[in-house]
Amino acid sequence: MMTAPEMLEASSVAAEESRNLSELSNVDKWPKVVMRLAPFPSGPLHIGNARMVVLNDYYVKRYNGELLLVFDDTIGSAEKVVEPDAFEMIPEGLEYLGVEWHRTVYKSDRLELFYKYAVDLIERNEAYVCDCDAEVWRKEHKAKEKACKCSILSVEDNLARWEKMLDGTYPERGAAVRLRTGMADPDPAMRDHVILRISESEHPRVGTRYRVWPLLEYSWGIDDHELVVTHIIRGKDLVKEGKIEQHIWNIYDWQHPELIYYGRLKFQDAKLSKSKSRREVLEGVYTGWDDPRTWSMQSLEKRGIHPDAVRKAMLDLGLSVVDISISMKTVYSENRKLQDASAPRMFFVEAPVWVELTGLPPEIQEAEAPVHPDFPDRGVRQIPLGRSSDAAVPFVAGISERDLKRLTKGEIFRLKDLANFTLKKGRRPEATFHSVEVDNVRTVGGSIIHWIPRETAVPVEVTMIDGAVVTGHGEPSIKNIESGTFLQFERVGFACVFDVGDPVRVAFAHK
Ligand SMILES: [Zn+2]
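Residues numbered from 1 in each chain as written. Predicted model: local features only at pLDDT ≥ 70, side-chain atom pairs only at ≥ 80, totals over all residues. Heavy atoms only, no water.

What about the sheet that holds strand β19 (residues 419-423)?
In spatial order, the strands read β21-β18-β19-β20-β14-β17-β22; together these seven strands make up an open sheet with mixed pairing. Looking at which strands have only one partner, the edges of the open sheet turn out to be β21 (448-449) and β22 (452-453). (Pairing = 2+ DSSP bridges. Helix = DSSP H or I, 4+ residues; strand = E, 2+ residues; numbered from the N terminus.)

Regarding the environment of Glu363
Mapped onto the secondary structure, Glu363 falls in the loop between β14 (353-358) and β15 (366-370). Residues Glu363 and Ala391, 28 residues apart in the sequence, show an inter-C-alpha distance of 9.1 Å.

Topic: the sheet that holds strand β1 (residues 34-37)
Reading across from one edge, β1-β2-β3 is the order of the three strands in this open sheet, with parallel pairing throughout. Strands with a single pairing partner mark the edges of an open sheet, and in this sheet they are β1 and β3 (103-106). Within this sheet the neighbouring strands show an average axis-to-axis angle of 30 degrees, counted without direction. For β1 and strand β2 (residues 66-71), the ladder comprises four bridges, and the chain directions are parallel. Within the sheet, the bridge partner assigned to Met35 lies in β2 and is Leu67. (Axes fitted to C-alpha atoms, helices over the stretch in contact; angles between N-to-C directions.)

What about the packing of aromatic side chains?
Applying the stated criterion to the full structure yields 18 aromatic pairs. Taken together, a centroid distance of 5.5 Å and an interplanar angle of 80 degrees make the contact between Tyr117 and Tyr252 edge-to-face. In this pair, Tyr117 sits in helix α5 (residues 111-123) while Tyr252 sits in helix α9 (residues 239-252), placing the two residues 135 residues apart along the sequence. Residue Tyr252 is classed as buried on the basis of its relative accessible area of 12%. An angle of 25 degrees between the planes, with centres 4.8 Å apart, marks the rings of Phe348 and Phe489 as stacked. Of this pair, Phe348 sits in strand β13 (residues 348-350) while Phe489 is found in strand β25 (residues 486-489), placing the two residues 141 residues apart along the sequence. Taken together, the ring pairs in this structure connect Tyr115, Trp162, Tyr210 and Trp213 into an aromatic cluster. The ring of Trp220 carries the charged tip of Arg36 above its face, separated from the ring centre by 3.5 Å. Above the face of the Phe40 ring, Lys80 is positioned so that its terminal group lies 4.5 Å from the ring centre. (Phe/Tyr/Trp six-rings, centres within 6.5 Å; stacked < 30°, edge-to-face > 60°. Buried < 20%, exposed > 50% of the residue type's maximum accessible area, 1.4 Å probe, protein only. Lys NZ or Arg CZ within 6 Å of the ring centre and 35° of its normal.)

Thoughts on the coordination of the zinc ion
Donor atoms from the polypeptide that bind the zinc ion are Cys130 (SG), Cys132 (SG), Cys148 (SG) and Cys150 (SG), placed at 2.3 Å. Around the zinc ion, the four donor atoms are arranged such that angles at the metal cover 105 to 116 degrees; this shape is classified as tetrahedral. Positions of the donor residues of the zinc ion, expressed as sequence spacing, correspond to C-x1-C-x15-C-x1-C. Here Cys130, found in strand β4 (residues 127-130), pairs with Cys150, found in the loop between α6 (134-142) and α7 (155-167); they are 20 residues apart in sequence, far enough to count as distant. Accessibility expressed as a relative area gives 2% for Cys130, which makes it buried. Judged by its relative accessible area of 0%, Cys150 is buried. (Donors = N, O, S within 2.8 Å, 3.2 Å for Na, K, Ca; no water. Tetrahedral: all angles 85-135°; square planar, octahedral: opposite > 155°, others 65-115°.)

Here we look at a negative patch on the surface
Among the surface-exposed residues, Asp85, Glu88, Glu92, Glu95 and Glu301 lie close enough to one another that they form a single negatively charged patch. Here the negative patch takes three residues from helix α4 (residues 86-97), the largest share from any one element. Relative to the elements of secondary structure, Glu301 occurs in helix α11 (residues 297-302). Exposure remark for Glu301: the relative accessible area of 47% places this residue in the partly exposed category. (Patch = residues over 30% accessible without salt bridge, like charges linked within 9 Å, V, L, I, M, F, W, Y side chains within 5 Å. Areas by Shrake-Rupley, 256 points an atom, 1.4 Å probe, with all protein chains shown as cover. Salt bridge = Lys/Arg side-chain N within 4 Å of Asp/Glu carboxyl O. Lys, Arg positive; Asp, Glu negative; His and termini not counted. Charge placed at Lys NZ, Arg CZ, Asp CG, Glu CD.)

Regarding the pairing of strand β24 (residues 469-474)
Put simply, side chains in a regular strand alternate between the two faces of the sheet. Covered by surrounding structure in β24 are Val470, Gly472 and Gly474 only, the residues Val469, Thr471 and His473 on the alternate face being uncovered. Inspection of the sheet shows β13 paired to β24 by three bridges, in the antiparallel sense. Pairing of Phe348 across the sheet is with Gly474, part of β24. One ladder, built from six bridges, connects strand β23 (residues 458-463) with β24; its direction is antiparallel. Following the sheet pairing, Val460 is matched in β24 by Gly472. Hairpin connection of β23 to β24: five residues between the antiparallel strands, including Gly467 at a positive phi of 90 degrees.

Considering the side chain of Glu280
Summarising the element assignment, Glu280 is placed in helix α10 (residues 274-282). Of the residues examined, Glu280 reaches a relative accessible area of 14% and is grouped as buried. When near neighbours in sequence (up to four residues on either side) are disregarded, Glu280 contacts Val285 and Tyr286. (Contact = heavy atoms within 4.5 Å.)

Some words on the pattern of salt bridges
Scanning the model with the defined rule gives 41 salt bridges in all. Notably, a salt bridge pairs Asp57 with Lys61, separated by 2.8 Å at the nearest N-O pair. Here the residue Asp57 and the residue Lys61 both occupy positions in helix α3 (residues 47-62), the gap between them amounting to four residues, near one helical turn. Each of Arg381, Lys416, Asp417, Glu475 and Glu490 takes part in salt bridges that share partners, so that together they form one network.

Examining the domain arrangement of the protein chain
Each assigned domain of the protein chain is listed with its residue range as follows: domain 1 (10-107 + 219-332), domain 2 (111-214) and domain 3 (343-511). Computed over C-alpha atoms, the centres of domain 2 and domain 3 are 68 Å apart. (Domains from an automatic or database assignment.)

Observations concerning unusual backbone geometry
For the peptide bond that leads from Asp502 to Pro503, omega is 0 degrees, which places it in the cis range. Mapping Pro503 onto the fold places it in the loop between β26 (493-499) and β27 (504-510). Its identity is not glycine, yet Asp192 carries a phi of approximately 30 degrees, on the positive side. Structurally, Asp192 can be placed in the loop between β5 (176-179) and β6 (194-198).

Notes on the nonpolar core
One finds Ile47, Tyr59, Leu300, Ile305, Val310, Met314 and Met328 to be the most contacted residues of the largest nonpolar core, which totals 52 residues. The element best represented in this core is α3, accounting for nine residues. The two domains that each donate at least three residues to this core are domain 1 (10-107 + 219-332) and domain 3 (343-511). Those residues within four positions of Met328 in sequence are excluded, and the remaining contacts are Ile47, Phe267, Asp269, Ala270, Trp295 and Leu300. In terms of nonpolar packing, the next biggest core, distinct from the first, is built from 42 residues, Val70, Leu179, Met190 and Ile232 among them. (Core = buried A, V, L, I, M, F, W, Y, C linked by side-chain atoms within 4.5 Å.)

A few points about the packing of helix α8 (residues 216-226) against α9
Angle between the axes and distance between the axes: these two values describe a pair of packed helices. Interaxial distance between α8 and α9 falls to 8 Å at its minimum, and their mutual angle equals 50 degrees. Relative to α9, the element α8 lies oblique. Handedness of the crossing formed by α8 with α9: right-handed. Side by side, α8 and α9 meet where Glu217, Tyr218, Trp220, Gly221, Ile222 and Asp224 of the first sit next to Lys240, Glu241, Ile244, Glu245, Ile248 and Trp249 of the second. Residues that form the contact of α8 with α9 fall into these classes: six nonpolar, one polar and five charged. (Parallel < 35°, antiparallel > 145°, perpendicular 65-115°, else oblique. Left-handed = near helix turned anticlockwise from the far one by under 90°. Nonpolar A, V, L, I, M, F, W, Y, C, P; charged D, E, K, R; others polar.)

The following block contains the structure:
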C-alpha cells in the first residue's frame, strides 16, 4: 500500500498512464518531445476538440516534453472566420481541462517566415505562381492531370508574379502559389496544391498588413520544422495536410516529425458546430459562449462537469484510427463517479402544485433531511417550514404535478423527511396528517414524495442542456449555497449553481 506522500506524487498523469495508450514512436530520435495544439480561433474549444487537446497534454506530460499552443490564425474564409474572443476563450478552455502549455505562438506573427520560404520554393522551382481561373484550373488541369501554362514559366517570371501578389497588382483570386506536388498524383487534392493565396480581409490581430496568406498545411509544413515539433497527433481528416507537409520536409531534407492519426469521434447527443454557435451567440439566441448548446469547455464548466471526467472519457478512447461514436453519457458517468459523494442534496420541485396539509402538529416547525444519504455522519440539513404555530392554519407544501397525479384519494403518502399524510377526497389538493414514522408509509407501499414549503421555498431557474429554462422552487438552504457548487436535486439530477440571486440560477448537468 502506498503512503500518503507517495500517493500525492503519483500525479494524475501517472494515474492516466495505466490506460491503453501506447508509447510514442521514435522518441529517442529527438532531444525532447515537442507537441503542439493547433486550434483555429473561430470560437472556444468544444467537446469535439477535447480529445486532441487531452491526448497532446497527456503525452507531453508522460515524456516530460514541451507543449506549444499555436493559434492557427491564418486569414480563414467566409465560412471560417477568426473570432477575436477565441484568443482568450481557447486558453480558458485549456486551463479548465488542466492542460499545461509552455509557449503560445500566433501564425499571424509569422507571415514573413512563410514568405521567405515561398520565395525559396519558387527559386528552387518547387513552386510557381498560377494566375489561371480557379474553375478552369480545376476542370482543365486538375481533373485532366494536365499542367497549366504557368507551371513552365521561368523562376524569374514566377518571382515577378510573386511580387505582383504582394503589391496588389493581382486582385483577390487573381493568383495563387502552387506547390509542385505533381499533376499525376492519384489523389486529385494533391495535384499542384495551392499553398498561398491572396486575401484582403481584415485580420483581427494584424489588420490589413498582409494580403498574401498561407494555407494551413503549408504553414504547418514550415512551422512544424521551425518550432521543432516532434510528434503530431491529429484527426485522420488531416491526412492530406500531412502529405503536403511531408512533401515540403522532403524538399528540404528535414527530419520528419512523427504523424499519428486517430479516427473520427462522433458524439451521438451533442450537435457540434462552431459556425452555428457563433451565429446564435451573435444574434442573442444563445446566452453566450457558455450556453450549453455550444458544448464549449466554458459551458461544461458552468454545468459543473469536472475536467477529469472529460479527460478520462477522452483518454479511454485510446489512439486508434477507427471511427468512434460515443454518448455524452460516458462523460456524465465519469462525472457522477467523481462528484456524487461531494454533491449536497437538495429538494427542488418544478412548477409546484400547492397542497394544503391540515393537522400537522404545531411543534413540527422544520424537517431534517440528510446532507448526503450515503454519508450519515455528515449530519442533517434543516428545512424550516415557515408555518404558523396556530394548529388551525394549514401548512402548504409544493409537490410536482406528476407526483400528485400518481396519488389516489385516501392514499397514505409521505413528504420525504417530514411526515405522512392522507390525501383527501375532494377537488382541491388537500391532505391530512397521518403520522411521523416512515414505517407507516413503507408497510402500505405508499409514495415518498419530494416537496418544498411554500413560505420558505426559493425560486430557482434551471437551464437545461437544450437551452430551455425550467422554473420551480428549491428548499430554503439553496439561498446559502455558493456560486459554483455542484449539487443534486434529489430525483431530478445534478446541477451547478451559477447565480445566487433571486431567482437562484443553476445549470443542469445530467441525471
Ligand atoms: Zn496556371
